[in-house]
Amino acid sequence: MAALKYAGLEDTDSEEELPPGWEECTTKDGWVYYANHLEEKTQWEHPKSGKRKRVAGGLPYGWEQETDENGQVYFVDHINKRTTYLDPRLAFTVEDNPVKPTTRQKYDGNSTAMEILQGRDLSGKVVVVTGANSGIGFETAKSLALHGAHVILACRNVSRGNDAVQRILVEWHKAKVEAMTLDLASLQSVQHFAEAFKSKNVPLHILICNAAVFGVPWCLTEDGLESTFQVNHLGHFYLVQLLEDVLLRSSPARVVVVSSESHRFTEIKDSSGKLDFSLLSPSKKEYWAMLAYNRSKLCNILFSNELNRRLSPHGVTSNSVHPGNMMYSSIHRNWWVYTLLFTLARPFTKSM
């Protein structure tokens, strides 16, 4: 009770009555959250009961939900001709079921990034997402930002990165989101990004290695390496090494490496079973775009597994993920044949 008194939570008679300075609000998808105007922070749990709630059912007859120019949700009562920022369904909230279904039951091929994070408060978390100006990276960055995280979009083209930032801010003007330059085809650019990030003196709780190229013609980077290998794997490998100390200081932290099921259709060993370095960065004569992509994705998984083995005892976990078969993003843009293939397959694959 002493703790409650110190927090000013003992002044109300009812468990459901909010203390002074608190406000009950709802998200666009109907989850209830609580705003503490005195400390300027929000939380999902009721400040007294600790319960999580959501609104039940749709809006009452004659009501409509709208969004103002600042991205704030408000409600229009057409019958009484009035507007309010208070959700009329707050009178009919239900407690969130504490018994959560298993992942297999809860999520499927149609689940979106916003649905995965529904109800989670990521305030105070700092996240870096590579290749976040479009596709999987953008949807991931947007969902993390709209759930309270400070998200840095690490993009090769900073102009497109800033455009992506503005698209997120349109949805929520208070989102903590920014773009920084990162060209994985340049190890010097990777180093400059790491130095610029460290100069911010912020923690790093989540690093998502998402950026990738697919089906590109053979070419060498400024570092003299085949571009698919460097962009998809080596650039991220170097980035993690440069930010490893920040991740460790920020633990618990995690690294997520976006790989692909296509890693199964290749090999990086020679006939004697030893690693063949010539396969990782092949010459033009030995290059095949699809095979180079598959090898880079295999490198992603091997790297993630070893990183987890080394750092998980210190509070930094690493996971590699398969985002879905033939995800219809801009990754197929380099050759019209791939674009046609992805377009035909789109109705049968996971959407963004």
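Please read all numbers here as calculations on a predicted model, not as lab measurements. All residue numbers refer to position in the chain's written sequence, counted from 1. Side-chain atom pairs in this predicted model are given and counted only at pLDDT of 80 or more, local residue features only at pLDDT of at least 70, and totals for whole chains, interfaces and linings cover all residues. Note: side-chain values were computed over all heavy atoms of the structure, leaving out hydrogens and water.

Novice: Please explain the side chain of Ser143 as it appears in this structure.
Specialist: Where helices and strands are cited, they refer to DSSP runs of H or I of at least four residues and of E of at least two residues respectively, numbered from the N terminus. Looking at where Ser143 falls in the secondary structure, it is placed in helix H4 (residues 135-146). Throughout, a residue-residue contact means that at least one pair of heavy atoms, one from each residue, lies within 4.5 Å. Every residue in contact with Ser143, bar those within four places of it in the chain, is listed here: Ala113, Met114 and Leu117.

Novice: I'm lost on H4 in this one. Help?
Specialist: Multiplying one less than the number of residues by 1.5 Å gives the expected span of a helix. Counted at 1.5 Å a residue, the expected span for H4 with its 12 residues is 16 Å, and the 17 Å between its end C-alpha atoms agrees. Along H4, the positions that sit buried rather than exposed are Gly135, Gly137, Phe138, Ala141, Lys142, Ser143, Leu144 and Ala145. Contacts from the buried residues of H4 go to helix H3 (113-116), strand S9 (126-130), strand S10 (150-155), helix H5 (158-171) and strand S12 (206-209). Downstream of H4 by a residue or two, Gly148 has a phi angle that is positive, lying close to 105°. Only protein chains enter the calculation, and the probe is 1.4 Å; a residue is then buried if its accessible area is under 20% of its type maximum, exposed if over 50%, and partly exposed in between.

Novice: Would you take a moment to explain the layout of surface pockets for this structure?
Specialist: Empty space among the atoms can be located by rolling a probe the size of a water molecule over them. Cavity and pocket criteria rest on a 1 Å grid covering protein atoms alone: a 1.4 Å probe that fits but cannot get out defines a cavity, protein on both sides within 12 Å along at least 5 of 7 lines defines an open pocket, and an atom within 4 Å of a point defines a lining residue. Grid points are joined across faces, edges and corners, and a volume is the space filled by probe spheres set on the points. In this model, the second largest pocket occupies a volume close to 1,300 Å³. Taken together, 39 residues form the lining of the second largest pocket, with Thr27, Tyr33, Thr42, Gln72 and Trp172 sitting closest to its centre. Broken down by secondary-structure element, the contributors of at least two residues to the lining of the second largest pocket are strand S1 (22-26), strand S2 (32-36), strand S3 (41-43), strand S6 (73-77) and H4. The dominant element in the lining of the second largest pocket, judged by the number of residues it contributes, is S1, at 4 residues. Each residue is assigned to one of three groups, with Ala, Val, Leu, Ile, Met, Phe, Trp, Tyr, Cys and Pro labelled nonpolar, Asp, Glu, Lys and Arg labelled charged, and all others, Gly among them, labelled polar. Classifying every residue of the lining of the second largest pocket gives 15 nonpolar, 13 polar and 11 charged. The domain limits used here are those given by an automatic or database domain assignment. Both domains that furnish three or more residues to the lining of the second largest pocket are identified here as domain 1 (22-95) and domain 2 (113-261 + 279-345).

Novice: Would you explain unusual backbone geometry in this entry?
Specialist: Excluding glycine, a negative phi dihedral is what most residues carry, and trans is how most peptide bonds are arranged. With an omega of 5°, the peptide bond between Ser251 and Pro252 qualifies as cis. Checked against the element boundaries, Pro252 lands in the loop between helix H7 (227-249) and strand S13 (253-258). One non-glycine residue, Glu40, lies in positive phi territory at about 55°. With respect to the element layout, Glu40 can be found in the loop between S2 and S3. One non-glycine residue, Asn201, lies in the positive phi region at around 55°. You can see Asn201 is positioned in the loop between helix H6 (187-198) and S12. Classification of Asn201 by relative accessible area gives exposed; the value is 70%.

Novice: What exactly am I supposed to notice about the packing of H4 against H5 here?
Specialist: Helix-helix packing is characterised by the crossing angle of the two axes and by the distance between the axes. Angles run from 0 to 180 degrees between N-to-C directions of axes, and those axes are lines fitted to C-alpha atoms, restricted for helices to the stretch in contact. Orientation of H4 relative to H5, taken along the N-to-C sense of each, is 40°, at an axis distance of 10 Å. Put simply, H4 runs oblique to H5. Here H4 and H5 pass one another in a crossing that is right-handed. Mapping the contact onto sequence places Phe138, Ala141, Lys142, Ala145 and Leu146 in H4 and Ala164, Arg167, Ile168 and Glu171 in H5. Classifying every residue of the contact of H4 with H5 gives 6 nonpolar, no polar and 3 charged. Every angle not falling under 35 degrees, over 145, or within 65 to 115 is termed oblique; those three ranges are roughly parallel, roughly antiparallel and roughly perpendicular. Crossings are sorted by hand: turned counterclockwise from the far helix by less than a right angle, the near helix makes the crossing left-handed, and turned clockwise it makes it right-handed.

Novice: Teacher, can you tell me more about the sheet that holds S1 here?
Specialist: Pairing between the strands of a sheet comes from backbone hydrogen bonds, and it takes one of two forms, parallel or antiparallel. Should DSSP find at least two bridges between two strands, the strands are regarded as paired. Read across the open sheet, the 3 strands follow the order S1-S2-S3; overall the sheet is antiparallel. Looking along the sheet, the strands with just one partner apiece sit at the ends: S1 and S3. Adjacent strand axes in the sheet meet at a mean angle of 30° when their direction is disregarded. Examined bridge by bridge, S2 and S3 share 3 bridges and lie antiparallel to one another. Paired with Asn36 across the two strands is Lys41, which belongs to S3.

Novice: Would you mind going over the pattern of salt bridges with me for this structure?
Specialist: Oppositely charged side chains are able to pair whenever their charged atoms sit close together. By salt bridge we mean one thing: a side-chain nitrogen of Lys or Arg within 4 Å of a carboxyl oxygen of Asp or Glu. This model, assessed by the stated rule, comprises 11 salt bridges. With its nearest N and O atoms 3.4 Å apart, the salt bridge here joins Arg82 to Asp77. With a relative accessible area of 42%, Arg82 lands in the partly exposed category. Assessed through its relative accessible area of 2%, Asp77 is described here as buried. Close ionic contact of Lys200 with Glu178 constitutes a salt bridge, the shortest N to O distance being 2.9 Å. One end of the pair, Lys200, is in the loop between H6 and S12; the other, Glu178, is in strand S11 (residues 176-181), and 22 residues separate them in sequence. Residue Lys200 is classed as partly exposed on the basis of its relative accessible area of 31%.

As far as function goes, none of this settles anything; it's purely spatial.
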